[in-house]
Amino acid sequence: MAITMTSYGIRWTGPGGVPRAAGVSYDKASAEDRKMRLTAEKCRDIEIVPVKPGDRLQPALTAA
């Protein structure tokens, strides 16, 4: 039986309104932990997104 590793990236909007994206990928448990810490830092629009190995997540565009 093969084990499949899924990696996740995180996108969010910082407290000052600047869109951000993690420069690293996480496993699911680590991504959930990071999401909790971002929430505590008053960040918003936090999303955990599956990413393929080698892909880099870009910040989400915000409407001005």
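Residues numbered from 1 in each chain as written. Predicted model: local features only at pLDDT ≥ 70, side-chain atom pairs only at ≥ 80, totals over all residues. Heavy atoms only, no water.

Inspection of the entire model under this criterion finds 4 salt bridges. Between Arg11 and Glu47 there is a salt bridge, with its nearest N and O atoms 3.0 Å apart. Of this pair, Arg11 sits in strand 1 (residues 7-13) while Glu47 is found in strand 3 (residues 44-51), placing the two residues 36 residues apart along the sequence. Using a relative accessible area of 34% as the deciding quantity, one classes Glu47 as partly exposed. (Salt bridge = Lys/Arg side-chain N within 4 Å of Asp/Glu carboxyl O. Helix = DSSP H or I, 4+ residues; strand = E, 2+ residues; numbered from the N terminus. Buried < 20%, exposed > 50% of the residue type's maximum accessible area, 1.4 Å probe, protein only.)

Taking 1.5 Å as the rise per residue, helix 1 (residues 28-40) with 13 residues should run 18 Å; its terminal C-alpha atoms sit 19 Å apart, in good agreement. Buried residues along helix 1 sit in contact with strand 1 and strand 3. Remark: Lys42 follows helix 1 within two positions and exhibits a positive phi of approximately 70 degrees. (Expected span 1.5 Å × (residues − 1). Contact = heavy atoms within 4.5 Å.)

Tyr8, Ile10, Trp12, Ala22, Tyr26, Ala31, Leu38, Cys43 and Ile46 form the largest nonpolar core, which has 9 residues in total. The residues contacting Tyr8, other than those within four sequence positions of it, are Val24, Ser25, Tyr26, Asp27, Lys28, Ala31, Ile48, Val49, Pro50 and Val51. (Core = buried A, V, L, I, M, F, W, Y, C linked by side-chain atoms within 4.5 Å.)

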